[in-house]
Amino acid sequence: MAVAQGVKTWRAPGRVNLIGEHTDYNQGFVLPCAIGLECRIEARPSSSGRLEAHSREMRDTAEWPAGQIPSLTPQRHWTDYVVGVAKEIVALGFPVRPMRLDIASTVPAGSGLSSSAALEVATALALLDGRSIGKLELARLCQRAERNFVGMPCGIMDQYASVFGESHAAILIDCRSTDHQVVRLPDGIEIVAVNTMVKHELGKSAYGQRVAECQAALAHFPARTSLRDVTFEELERAAPEIPETPLARAKHVILENHRVQAFLRASENADLSAMGRLFVESHRSLQHDYEVSCEELDFLVDQALTIDGVIGARMTGGGFGGCTVNLVDSKSVDEFQRAIAERYQSRFGIQPAVYLCQPSSGAGLLD
Ligand code: ADP
Ligand code: MG
């Protein structure tokens, strides 16, 4: 096939987080893997002097004079992800060249599989156009775009996973040191995401609220810079002084960090029942202490746990809808997909999308 001159296609994957939820912005531990669902951007140079972006999924095109990117302001629109990244690139000292970006993504938007980070990272690669800033700076740049321009006070997990993903493995990220170790799961299990197909409006404001509640809890430990460093014993000693809500949030974060470490050990020992138990404990903590689950997610988890071959199930991503992540015995995957879809459909009248997640490599140029 002939490739048009100067056209490059960049890809950046979504991710599914196995365990370590709402811990990244508390400088804790997370265990995501990049997945086969990805954002692709075909980038071609333009002589128009403008940056133009088209999204296949949004069926929408927008354009801006390339030289005026620094003065653009947020529009609360999908284009904020593109412009936010462009501004951060300019801020690093790299002028954005006039070009046309054709965006097409298989990551479902707003489902907790991080379509936003996939879009940011693919956009950054396309706009940098081969100018290298290093992988960690790439992830950080995209995180800054989401925090500063989109207005979402997110941690580093999603962008980091999209950049550093490994085929055949998950990555354990230390969100303080921002380095990671590659974690291979035991053979014979599959990662299956099940999409509730709902996104409750509460989600966006609740995320910022949770960030603030964690800070409120941390304020009771002046010698500490993050909840990462507060032990459970310290939390218990200080408990009488801490209001109920921040206390429950901090309990989740501290114990969730323990669960990530315990999951790592269980995985190394191929202890499937411990892995499953930790998944369920994580979900219950998100449901009752962190309060970011919802009826649809709880239903999917509760049902999954009654299906043969399911090792563990929990909500994944920010919550209030989106996906569950399930660890399923390879031999039972087909039956699991059929059974969970049928039960969800008969309870809510919605056909859930089910994704078999193959760990995939991080973002780059598609050859
Ligand atoms: P998640 O990252 O879990 O999918 P977010 O709410 O963080 O959910 O990001 C979803 C937003 O990202 C969408 O509302 C949209 O603005 C933007 N987005 C994602 N995919 C695309 C796409 N293919 N084209 C345009 N915008 C997209
Ligand atoms: Mg997102």
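Residues numbered from 1 in each chain as written. Chains lettered and ligands numbered in written order. Predicted model: local features only at pLDDT ≥ 70, side-chain atom pairs only at ≥ 80, totals over all residues. Heavy atoms only, no water.

Student: How would you explain the nonpolar core if you had to name every residue and give the values?
Tutor: Counting residues in each nonpolar core, the largest one holds 79 residues, and the members touching the most others are Leu51, Leu101, Leu113, Leu127, Ile191 and Phe263. Split by domain, this core shows at least three residues from each of two domains, domain 1 (8-183) and domain 2 (189-356). With near-sequence residues (within four places) excluded, Ile191 lies in contact with Val16, Leu18, Cys33, Leu185, Val325, Asn326, Leu327, Tyr355, Leu356, Cys357 and Pro359. (Core = buried A, V, L, I, M, F, W, Y, C linked by side-chain atoms within 4.5 Å. Buried < 20%, exposed > 50% of the residue type's maximum accessible area, 1.4 Å probe, protein only. Domains from an automatic or database assignment. Contact = heavy atoms within 4.5 Å.)

Student: Pulling in residues and values, what's your account of the domain arrangement of the protein chain?
Tutor: Taken domain by domain, the protein chain holds domain 1 (8-183) and domain 2 (189-356). Spacing between the C-alpha centres of domain 1 and domain 2 amounts to 24 Å. Taken together, the contacts link 33 residues of domain 1 with 40 residues of domain 2. Between domain 1 and domain 2 the total buried area reaches about 2900 Å² when both faces are included, carbon and sulfur atoms providing 64% of it. Joining domain 1 to domain 2, the criterion identifies 3 salt bridges. Across the pair Arg176 and Asp229 runs a salt bridge, and its minimum N-O distance is 2.8 Å. At the junction of domain 1 with domain 2, the criterion picks out 16 residue pairs in polar contact (both at pLDDT 80 or more). (Buried area = accessible area lost by both parts, 1.4 Å probe. Salt bridge = Lys/Arg side-chain N within 4 Å of Asp/Glu carboxyl O. Polar contact = N/O pair within 3.5 Å; in protein donor to acceptor, adjacent residues only side chain to side chain.)

Student: Let's hear about the state of the cysteines: which residues, and what values?
Tutor: Counted according to the given criterion, the structure contains 0 disulfides. You can see Cys154 has no disulfide; the closest cysteine sulfur is in Cys142, sitting 10.0 Å from it. Among the residues examined, Cys154 registers a relative accessible area of 7% and is labelled buried. Looking at the unpaired Cys175, the closest cysteine sulfur is the one in Cys154, lying at 11 Å. (Disulfide = S-S within 2.5 Å.)

Student: Could you give me a rundown of unusual backbone geometry, with the residues and numbers involved?
Tutor: Phi is positive for Gln27, which is not a glycine, with a value near 60°. Residues other than glycine seldom take positive phi values, yet Ser114 does so here, at roughly 65°. By the secondary structure assignment, Ser114 is in the loop between strand S5 (99-105) and helix H2 (115-128). Classification of Ser114 as buried rests on a relative accessible area of 7%. (Helix = DSSP H or I, 4+ residues; strand = E, 2+ residues; numbered from the N terminus.)

Student: Tell me about the layout of surface pockets, and name the residues and values.
Tutor: Regions of empty space are outlined by a rolling probe, equal in size to a water molecule, passed over the atoms. Empty space within the second largest pocket amounts to approximately 340 Å³. Every residue lining the second largest pocket is counted, 19 residues in all, and those nearest its centre are Asp24, Tyr25, Asn26, Gln27 and Arg147. Elements supplying a minimum of two residues to the lining of the second largest pocket: helix H3 (135-150) and helix H5 (202-218). If one sorts the elements of the lining of the second largest pocket by residue count, H5 sits on top with 4 residues. Its residues assigned to classes, the lining of the second largest pocket comprises 8 nonpolar, 8 polar and 3 charged. (1 Å grid on protein atoms, 1.4 Å probe; cavity = no way out; pocket = protein on both sides within 12 Å on 5 of 7 lines; lining within 4 Å. Points joined across faces, edges and corners; volume = space filled by probe spheres on them. Nonpolar A, V, L, I, M, F, W, Y, C, P; charged D, E, K, R; others polar.)

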